[in-house]
Amino acid sequence: MTLERIASLSSEQLSMQLSLGKWYHYQDALAEQVSLPSDPQGVFSIAFAGDFNGQQLASIVQFLAQQQFIVTAICRYQPDQNLTPALCFYSDTAKTSINPLVMNEFAHPHGFQLVQVSKPPSLTNPGLLVMDMDSTAITIECIDEIARLADVYDEVAAVTAQAMAGKLDFSESLHQRVAKLEGIEQSLIDQLKNNLPLMPGVKELCRVLKQHNWYLAIASGGFVPFAEQVQQLINLDEVHANILEFKDAKLTGKVLGRIVDAEQKAVVLRNLQQRLSLPMQQTVAIGDGANDLTMMAAAGLGVAVHGKAKVVEQAQAAICHGSLLQLLYLLTIPIAE
């Protein structure tokens, strides 16, 4: 089969050509199976969340070549029955990864997502996932929803947006926003806490990770009552978040103790990695805001999920659309036979 013939394959024909979990030599037009080194030093480019045909495969190979990544092997694999098969492209020379924003700009119009990793964690070995909470593990920003109860939503949400985009110091912005919530009754906080909307796929992701002895934690610039509720909902091992002060069953407008800001999130990750005696490669951090970038940089793999443009641009990898279960694509690359 020629490379031109590969480009003409339908998605069904491509699926028949590429057996799941097997690597194929691309320059041999996928005719020969190959094995990767046990400790590959190259870069993996993973295309997922699409129904891939030969033309898309050829377009991805061409895009990677334009970015100086020459594909030597291709694998089709399916991390979970609730996820569609992905295509993984291996380039055997180590280079600086393509900016995730550039990858998203290429992939999104074609109807799929594309990420790169060089030293992927392995789902089958114990690992650590530390996640942000607001707009990551859950779909809302809790402080904005509390502000809605106090009829100060617009002004608080505007400050939240600036902080998440990295335009304001997080700790300063948090004190500003919480001060506007003075007088909110604890019963309303409890009502909000009991109706938290989980991010699609996060519960399923955590279930799979726990089955493989991963340790799961939240490091959040949000608040303890909500983090503890999420902990119960998705079976987390521990949570770190900010403490709201109450007096006479009402918010005082103050935050107690150390603020969980960008640096403290990274401290949580590093402390857990050391306590669990895990190799750094087995640590993953996910988040959506600028205050997650330090934690993500401290991890073996930092992934922006539904992130702001600045966060996607600075992350190691980015999941821009869809279920958080898709994180499994980055943890299940079939390297070893």
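Now for a look at the structure at hand. All residue numbers refer to positions counted from 1 along the written sequence of the respective chain. Confidence filtering applies because this is a predicted model: local features only for residues at pLDDT of at least 70, side-chain atom pairs given and counted only at 80 or more, and all residues used for totals across whole chains, interfaces and linings. Note that water and hydrogens are dropped before the side-chain values are worked out from all heavy atoms of the structure.

### Observations concerning the packing of aromatic side chains
And step 1. Note on aromatic pairs: the rings of Phe, Tyr and Trp (six-membered ring only in Trp) are paired at centre separations within 6.5 Å, and the planes decide the class, stacked below 30 degrees, edge-to-face beyond 60, tilted for the rest. Taken as a whole and judged by the stated rule, the model has eight aromatic pairs.
And step 2. Summarising the aromatic geometry, the rings of Phe 63 and Phe 106 are spaced 4.1 Å apart at their centres and angled 0° between planes, so their arrangement reads as stacked. Of this pair, Phe 63 sits in helix H3 (residues 54-66) while Phe 106 sits in helix H4 (residues 100-107), and the two are 43 residues apart along the sequence.
And step 3. For every residue, the accessible area (1.4 Å probe, protein chains only) is compared with the maximum for its type, and the residue is labelled buried under 20%, exposed over 50%, or partly exposed between those bounds. The buried category is assigned to Phe 106, whose relative accessible area is 14%.
And step 4. A connected cluster of aromatic rings, assembled from ring pairs, spans Phe 52, Phe 63, Phe 106 and Phe 112.
And step 5. Its end group placed over the ring of Tyr 153, Arg 148 keeps NZ or CZ at 4.0 Å from the ring centre. In this description a helix means any DSSP run of H or I spanning at least four residues, a strand means any run of E spanning at least two, and both kinds are numbered starting from the N terminus. In our convention, an over-ring charge means Lys NZ or Arg CZ found within 6 Å of a ring centre and within 35 degrees of that ring's normal.

### Comments concerning the nonpolar core
And step 1. Among buried residues, those of type Ala, Val, Leu, Ile, Met, Phe, Trp, Tyr and Cys that are joined through side-chain atoms within 4.5 Å constitute a nonpolar core. Counting residues in each nonpolar core, the largest one holds 74 residues, and the members touching the most others are Trp 23, Ile 46, Leu 129 and Met 131.
And step 2. The greatest single-element share of this core, amounting to five residues, is contributed by helix H9 (residues 202-211).
And step 3. With 27 residues, the next largest nonpolar core counts Leu 14, Ala 47, Phe 89 and Phe 106 among its residues.

### Side note on helix H7 (residues 170-179)
And step 1. What H7 keeps buried is the set Phe 170, Ser 171, Ser 173, Leu 174, Arg 177 and Val 178. The arc that holds every buried residue of H7, seen down its axis, measures 160°, which confines them to one face.
And step 2. Identification of polar contacts relies on pairs of N or O atoms within 3.5 Å, with a donor-acceptor requirement for protein atoms, meaning one able to donate a hydrogen and the other able to accept it, and with residues adjacent in sequence counted only if both atoms are side-chain atoms. By the N-cap criterion, in which a side-chain oxygen at the helix start approaches the backbone nitrogen of a residue two or three places on, H7 is capped by Asp 169, the distance to Ser 171 being 3.3 Å. This arc is taken over the directions from the axis of the helix to the C-beta atoms.

By themselves these figures say nothing about function.
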